[in-house]
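# Fold and contact review
So you can see what is in the structure, the chains are spelled out below.
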Amino acid sequence: MLRNIAMTMRDPFYHSGMRVVQDRFGGRDTADAIHKHFVTTTLTEEQIAIIAGSRAFFVATSWDSHVDCSMKCGKDGFVRVMAPNIIEYPEYNGNSMYRTLGNLERNPNCGLLFVDLENGGNRLRLRGQAQVFYGGKRLHAHQGACAVVRVRVVSFPNCSRYRPRFDGSDRETYDPANDVRTVPKWKTLAEVAPTLPESDPHFEALQPAKPTPGSDT
């Protein structure tokens, strides 16, 4: 049985509440640049590798006031990339609450977070719309599954600052408590750097060097 859930993404990438906060901190131009240049419906080879090697990921779902975040686990490869913008994973029998599947019954929108805990903490953040299969070929393709969730995804970047390596080797790199101002690489990109608000802690560091008095430039 397949739940008949529309897969078309009709909502804007940023809703009005996000815009309010972007404007509060002067980040609308940067947010628009990220949306224009780095939000994609095609998974890269690196992103596919993170998914294929994951034994766990987090999925967030909601319907009305019922908001849920769940950790899904399995063997390497239990999450499969079916197309450049489609992934699927099995739902196994658990505590019989079925909060993720229940929310998807009412609202197909979901968010997914993959974290490569064993290789530097690289993260992959996805959003998408889900279809739920309760039978047929899809279910039989995942041994032990009670349902299969297929998600048409959009990927977008996660700021690399404050991302621990879990071995403690770089935990201070971007520690705001220590006023560390190391500039993250993504902020130096040509598509992003000119859009940073003056309130950004790295704004000054990324401004073009001013000519010294008496120079020819």
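Just above, that's the structure.
Described in the following lines is the structure provided in the data block. Predicted model, so just to flag it, every value in this text is computed and none were measured.

### With respect to the overall build of the chain
In terms of helices and strands, the chain carries five helices and seven strands. Across the 217 residues that make up the chain, the buried fraction comes to 36%. Summarising the internal contacts of the chain: among those between residues at least 6 apart in sequence, 59% fall at separations of at least 24.

### Let's talk about the pairing of strand 4 (residues 86–92)
Buried residues dominate strand 4, accounting for six of its seven residues. The pairing of strand 3 (residues 80–83) with strand 4 spans three bridges and is antiparallel. For valine 81, the partnering residue across the bridge sits in strand 4 and is isoleucine 87. Following strand 3, the chain reverses through two residues before pairing antiparallel with strand 4.

### Looking at the pairing of strand 6 (residues 123–133)
With nine of its eleven residues buried, strand 6 lies for the most part within the structure. In terms of strand pairing, strand 5 (residues 109–115) meets strand 6 through seven bridges, oriented antiparallel. Bridge pairing in strand 6 links leucine 112 to leucine 126. Relative to strand 7 (residues 145–156), strand 6 runs antiparallel, the two being bridged by nine bridges. Among the inter-strand pairings, alanine 130 is bridged to a residue of strand 7, identified as valine 151.

### Re helix 4 (residues 99–106)
Here helix 4 has its buried residues at Thr100, Leu101, Asn103 and Leu104. Looking straight down helix 4, one finds its buried side chains confined to an arc of 160°; they lie on one side. Summarising the contacts, the buried residues of helix 4 are in contact with strand 1 (56–63), strand 2 (66–73), strand 4, strand 5, strand 6 and strand 7.

### Details of unusual backbone geometry
Positive phi values are uncommon outside glycine, yet aspartate 64 reaches one of about 55°. Positionally, aspartate 64 belongs in the loop between strand 1 and strand 2. One non-glycine residue with positive phi stands out, namely tyrosine 98, at about 50°. Mapped onto the secondary structure, tyrosine 98 falls in the loop between strand 4 and helix 4. Among the residues examined, tyrosine 98 registers a relative accessible area of 37% and is labelled partly exposed.

### Describing the side chain of serine 54
Examined against the element boundaries, serine 54 turns out to sit in the loop between helix 3 (45–52) and strand 1. At 2.5 Å, the side chain of serine 54 and the backbone oxygen of isoleucine 50 are in polar contact.

### Remarks on the packing of aromatic side chains
Tallied over the entire structure, the rule returns five aromatic pairs. With a centroid separation of 5.3 Å and 85° between ring planes, the pair formed by phenylalanine 13 and phenylalanine 156 is classed as edge-to-face. Of this pair, phenylalanine 13 sits in the segment before helix 1 (16–24) while phenylalanine 156 sits in strand 7; the two residues are 143 residues apart in sequence, bridging distant segments of the chain. Accessibility assignment for this pair places phenylalanine 13 and phenylalanine 156 in one class, buried.

### Regarding a nonpolar patch on the surface
On the surface, Val20, Val21 and Phe25 cluster together into a nonpolar patch covering about 300 Å² of accessible area. One can find valine 20 in helix 1.

Conventions adopted
- Residues numbered from 1 in each chain as written.
- Predicted model: local features only at pLDDT ≥ 70, side-chain atom pairs only at ≥ 80, totals over all residues.
- Heavy atoms only, no water.
- Helix = DSSP H or I, 4+ residues; strand = E, 2+ residues; numbered from the N terminus.
- Buried < 20%, exposed > 50% of the residue type's maximum accessible area, 1.4 Å probe, protein only.
- Contact = heavy atoms within 4.5 Å.
- Pairing = 2+ DSSP bridges.
- Arc of directions from axis to C-beta.
- Polar contact = N/O pair within 3.5 Å; in protein donor to acceptor, adjacent residues only side chain to side chain.
- Phe/Tyr/Trp six-rings, centres within 6.5 Å; stacked < 30°, edge-to-face > 60°.
- Patch = residues over 30% accessible without salt bridge, like charges linked within 9 Å, V, L, I, M, F, W, Y side chains within 5 Å.
- Areas by Shrake-Rupley, 256 points an atom, 1.4 Å probe, with all protein chains shown as cover.
- Salt bridge = Lys/Arg side-chain N within 4 Å of Asp/Glu carboxyl O.

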